[in-house]
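# Coordinate analysis (summary)
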Amino acid sequence: MAIQISPSILSADFAHLADEAAAVSPNADWLHVDVMDNHFVPNLTLGLPIVESLYKAADTPLDCHLMIEDPDSWAPGYAEAGAGSVTIHAKAANAPVRTLREIRKQGARAGLALNPAEPVEPYADLVGEMDMLLLMTVEPGFGGQKFLDVVLPKIRRARELLDSRESSVWLQVDGGVSDETIERAAEAGADVFVAGSAVYGAQDPAGAIDSLREQAVKASAHG
């Protein structure tokens, strides 16, 4: 499986987002955009106008993670605005299948996210409706949190589920990913890694991406 790194602009300088996006290109596979509404999670961040502007300014495809209420109404608009991937939270969606299909209809990859305490198994039958499964490795809402090792068994179960179905669905992890934790997540079976402060907190963000990728590649080979 190909390892991908998606730096989170939640840890970037919001006053210079275009420059921050350029700082990780072309090393990054995606640019992760955390959309929070202060309802589904206790934080308020970026919205659709910022995504539209970033799409015009960034060379890296946008990986939009919607931590919002009513993603059924909003998600297709992010795909239409140019996001290459749009992920919704299963817990927030009233019609996840319809919404995932609408995201795909707009030309983006469709992702389904689960919080740390949410099991994978109830969503096994939706594998065919998604392009990516996102497992949160922190409680969503804020960057800079500590990686929750309690999620590692769930990552392994998710990998086994996807492999048993010969699925091409990507398995993404988000939260506390760093040079100290990425190997554990990769060995458990994740292949797409969201990294915020580990990238944007480094003196050389592009170099940090390369280092994280190298660690993940080595660890995944032993998984």
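Scroll up for the structure.
Residues numbered from 1 in each chain as written. Predicted model: local features only at pLDDT ≥ 70, side-chain atom pairs only at ≥ 80, totals over all residues. Heavy atoms only, no water.

This brings us to the packing of aromatic side chains. Across all of its chains, the model carries one aromatic pair by this definition. Seen from their ring centres, W30 and W170 are 6.0 Å apart, and the 70 degrees between their planes marks the pair as edge-to-face. A residue pair is termed long-range when its members are at least 10 positions apart, and W30 in the loop between helix 1 (17–23) and strand 2 (31–36) and W170 in strand 7 (residues 170–174) qualify at 140 residues. Judged by its relative accessible area of 10%, W30 is buried. The cationic tip of R109 hangs over the ring face of W170; the distance from NZ or CZ to the ring centre is 3.5 Å. (Phe/Tyr/Trp six-rings, centres within 6.5 Å; stacked < 30°, edge-to-face > 60°. Helix = DSSP H or I, 4+ residues; strand = E, 2+ residues; numbered from the N terminus. Buried < 20%, exposed > 50% of the residue type's maximum accessible area, 1.4 Å probe, protein only. Lys NZ or Arg CZ within 6 Å of the ring centre and 35° of its normal.)

The next subject is the pairing of strand 5 (residues 109–114). Side chains on a regular strand alternate between the two faces of the sheet. With respect to burial, strand 5 is a largely interior element, five of its six residues being buried. As paired strands, strand 4 (residues 85–89) and strand 5 are joined by five bridges and run parallel to one another. Note on strand 5: the bridge partner recorded for I88 is L112. Chirality of the crossover, the property in question, places the unit of strand 4, helix 4 (residues 96–105) and strand 5 among those that are right-handed. (Pairing = 2+ DSSP bridges. Right-handed = clockwise from strand over helix to strand, strands pointing away.)

Summed over all chains, the structure comprises nine salt bridges. D29 is the partner of R213 in a salt bridge, and the nearest nitrogen-oxygen pair spans 2.7 Å. One end of the pair, R213, is in helix 8 (residues 205–221); the other, D29, is in the loop between helix 1 and strand 2, with 184 residues separating them in the sequence. Put simply, D125 and R165 hold a salt bridge, and the shortest N to O gap is 3.6 Å. Of this pair, D125 sits in the loop between strand 5 and strand 6 (132–136) while R165 is found in the loop between helix 5 (152–164) and strand 7, placing the two residues 40 residues apart along the sequence. The class for R165 is partly exposed, based on a relative accessible area of 41%. Counted as one network, the salt bridges with shared partners bring together R159, D163 and D191. (Salt bridge = Lys/Arg side-chain N within 4 Å of Asp/Glu carboxyl O.)

Mapped onto the elements, T99 comes out in helix 4. Once residues within four sequence positions are removed from consideration, T99 is found in contact with P71, D72, A75 and I88. (Contact = heavy atoms within 4.5 Å.)

With that out of the way, let us pick up the pairing of strand 3 (residues 62–67). With six of six residues buried, strand 3 is to be regarded as a mostly interior element. Of the two faces of strand 3, both are covered, the one formed by L62, C64 and L66 as well as the one formed by D63, H65 and M67. Pairing of strand 2 with strand 3, which is carried by six bridges, proceeds in the parallel orientation. Paired with D34 across the two strands is H65, which belongs to strand 3. Following the backbone out of strand 3, through helix 3 (residues 71–80) and into the adjacent parallel strand 4, one traces a crossover that is right-handed.

Strand order in this open sheet of eight strands is 1-8-7-6-5-4-3-2, and the pairing throughout is parallel. Two strands in the sheet have a free side with no partner beyond their single neighbour: strand 1 (4–7) and strand 2. In this sheet, adjacent strand axes meet at a mean angle of 25 degrees when their direction is disregarded. The pairing of strand 6 with strand 7 spans five bridges and is parallel. (Axes fitted to C-alpha atoms, helices over the stretch in contact; angles between N-to-C directions.)

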